[in-house]
Amino acid sequence: MRDYQREFIEFSIEHDVLQFGEFTLKSGRASPYFFNAGLFNTGERLAELGRFYAAAIVDSGIEFDLLLGPAYKGIPIASAAAVQLALQHGRDVPWCFNRKEAKDHGEGGLVVGSPLEGRVLLVDDVITAGTAVRETMPILYGYGNVKVNDMFISVNRCEVGKVPGKTAIMEVNEEFGIKVHAIVTVEAIHEYLKQSEKYNDILPAMEDYMAKYCIL
C-alpha cells in the first residue's frame, strides 16, 4: 500500500467519511462499511481530497490533457485535483465540467471551463451504477477531438452490480472502453484494518461481505 493510500484511509476515518458498522445500501445489501464522500465538506477537507487524487493520478502514470468532473459531485473534486496537481506536482492542467442541462445564454453550451479536447480524464467520487458516466459520455461524443480512456474515483468497492459476475466498473469498461482507477479499493481498506487490533471485531464481517459480493 502506498503512503498516500494509507493516509487517505486514515483521513477518511478521521472525518467519518469512512465508517464501520452495519449500513443498508441502495442495493438492499447490509454492508459493514460505508463511504460518504459528501462529508469532504469543508475547504480543508476538499483540499486534502484533491491532494490524494493528485497523488494517485501522478502515481498511475496516466497521460491526459484535460480533467473533467461530471455534474454534480465530480465538479469540486476535479477542481481540487487540478489545484493540487499544480501546487504539489507542478502540473498546471486544464479542467472543465459538464452541466446537466444546456445553457442558452451567456457562454451557453453544456461544458464549462477549458475547451473540451484531447485526452480527457474523468474524475468523480464513486461509481455505483455508472449513471454519471452514462450521462456524460453522450456529451463528449459530440466533440470530435476527444478521447476518454481513464477515470479516477475515491473508492472501488469491487462489488457485483446488476449483471451477475460483473461490477459496475467492469460494465463501464465494456460499454465505453474506460479504465476506472481508484485511490483505494476495498482490498486496501481490508489490508489497513488487518494491521490494527482496533478493528479485529470488524474484520469477520468485512471478509464475509467481500466473499459474498466482491470480485477481487
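My aim in this report is to walk through the structure given alongside it, one point at a time. Worth saying up front: this structure is predicted, and the values here are computed from it rather than measured.

1. Things to note about the pattern of salt bridges
At step 1: For the coordinates displayed, the defined rule picks out twelve salt bridges.
At step 2: One salt bridge in this structure joins Arg51 and Glu7, with 3.6 Å as the shortest N-O distance. With Arg51 in helix H2 (residues 43-60) and Glu7 in helix H1 (residues 3-14), the pair connects residues that are 44 residues apart, well separated along the chain.
At step 3: Close ionic contact of Glu174 with Lys166 constitutes a salt bridge, the shortest N to O distance being 2.8 Å.
At step 4: A residue is classified by how much of its surface remains accessible, and Lys166, at 27% relative accessible area, is partly exposed.

2. As for the environment of Ile57
At step 1: Mapping Ile57 onto the fold places it in helix H2.
At step 2: Residue class for Ile57 comes out buried when judged on its relative accessible area of 0%.
At step 3: Separated by 100 residues in sequence, Ile57 and Arg157 have C-alpha atoms that sit 19 Å apart.
At step 4: Apart from the residues within four sequence positions on either side, Ile57 is in contact with Ile62, Phe64, Leu67, Leu121 and Phe152.

3. Remarks on the pairing of strand E6 (residues 118-123)
At step 1: Counted residue by residue, E6 has five buried out of six residues, so it is predominantly covered.
At step 2: Two strands pair when backbone bridges link them, and strand E3 (residues 66-69) and E6 are joined in this way by three bridges, in the parallel orientation. Pairing of Leu66 across the sheet is with Val120, part of E6.
At step 3: As defined by bridge partners, E6 adjoins strand E7 (residues 146-156) across six bridges and the pair is classed as parallel. Following the sheet pairing, Val120 is matched in E7 by Val148.

4. Topic: the layout of surface pockets
At step 1: Looking at the second largest pocket, its volume works out to about 280 Å³.
At step 2: In terms of lining, the second largest pocket is formed by 19 residues, of which the most central are Asn156, Cys158, Val180, Thr185 and Glu187.
At step 3: Those elements that provide at least two residues to the lining of the second largest pocket are helix H5 (168-176), strand E8 (179-185) and helix H6 (186-194).
At step 4: The dominant element in the lining of the second largest pocket, judged by the number of residues it contributes, is E8, at six residues.
At step 5: Residue composition of the lining of the second largest pocket, grouped by class: eleven nonpolar, six polar and two charged.

5. With respect to the pairing of strand E1 (residues 18-24)
At step 1: Sheet analysis places E1 next to strand E2 (residues 30-35), joined by five bridges and oriented antiparallel. Each residue of the ladder has a partner; that of Gln19, found in E2, is Phe34.
At step 2: The loop that links E1 with its antiparallel partner E2 comprises five residues; one of these, Gly28, has a positive phi angle of about 95°.

6. Quick look at the packing of H1 against H6
To describe two helices that pack against each other, one gives the angle between their axes and the distance between the axes.
At step 1: It is the contact of H1 with H6, at a shortest axis distance of 10 Å, that shows an interaxial angle of 80°. Taken together, H1 and H6 sit at an angle that is classed as roughly perpendicular. On H6, the residues that touch Arg6, Ile9, Glu10 and Ile13 of H1 are Ala188, Ile189 and Tyr192.
At step 2: Considering only residue class, the contact of H1 with H6 consists of five nonpolar, no polar and two charged.

Definitions and cut-offs
For every chain, the first residue of the written sequence is number 1, and numbering continues from 1 onward in sequence order. Local features in this predicted model are restricted to residues of pLDDT 70 or higher, and side-chain atom pairs are both shown and tallied only at a pLDDT of 80 or more, whereas totals for entire chains, interfaces and linings draw on every residue. Neither water nor hydrogens contribute to the side-chain values; these are computed over all heavy atoms in the structure. Whenever Lys or Arg places a side-chain nitrogen within 4 Å of a carboxyl oxygen from Asp or Glu, that contact is recorded as a salt bridge. Comment: elements are numbered from the N terminus, with helices defined as DSSP H or I runs of at least four residues and strands as E runs of at least two. Only protein chains enter the area calculation, which uses a 1.4 Å probe; residues under 20% of their type maximum are buried, those over 50% are exposed, and those in between are partly exposed. In this analysis, two residues are considered to be in contact whenever any of their non-hydrogen atoms come within 4.5 Å of each other. Strand pairing follows a simple DSSP-based rule, namely that at least 2 bridges must link the two strands. Whether a set of points on the 1 Å grid over the protein atoms alone is a cavity depends on a 1.4 Å probe fitting there but being unable to get out, while an open set qualifies as a pocket with protein on both sides within 12 Å along at least five of seven lines; lining residues are those with an atom within 4 Å of a point. Grid points are joined across faces, edges and corners, and a volume is the space filled by probe spheres set on the points. Under the convention adopted here, Pro, Cys and the residues Ala, Val, Leu, Ile, Met, Phe, Trp and Tyr are nonpolar, Asp, Glu, Lys and Arg are charged, and Gly plus all remaining residues are polar. Between N-to-C directions, angles cover 0 to 180 degrees, with each direction set by a line fitted to C-alpha atoms, over the stretch in contact for helices. Should an angle lie under 35 degrees it is considered roughly parallel, over 145 roughly antiparallel, and from 65 to 115 roughly perpendicular; all remaining angles are considered oblique.

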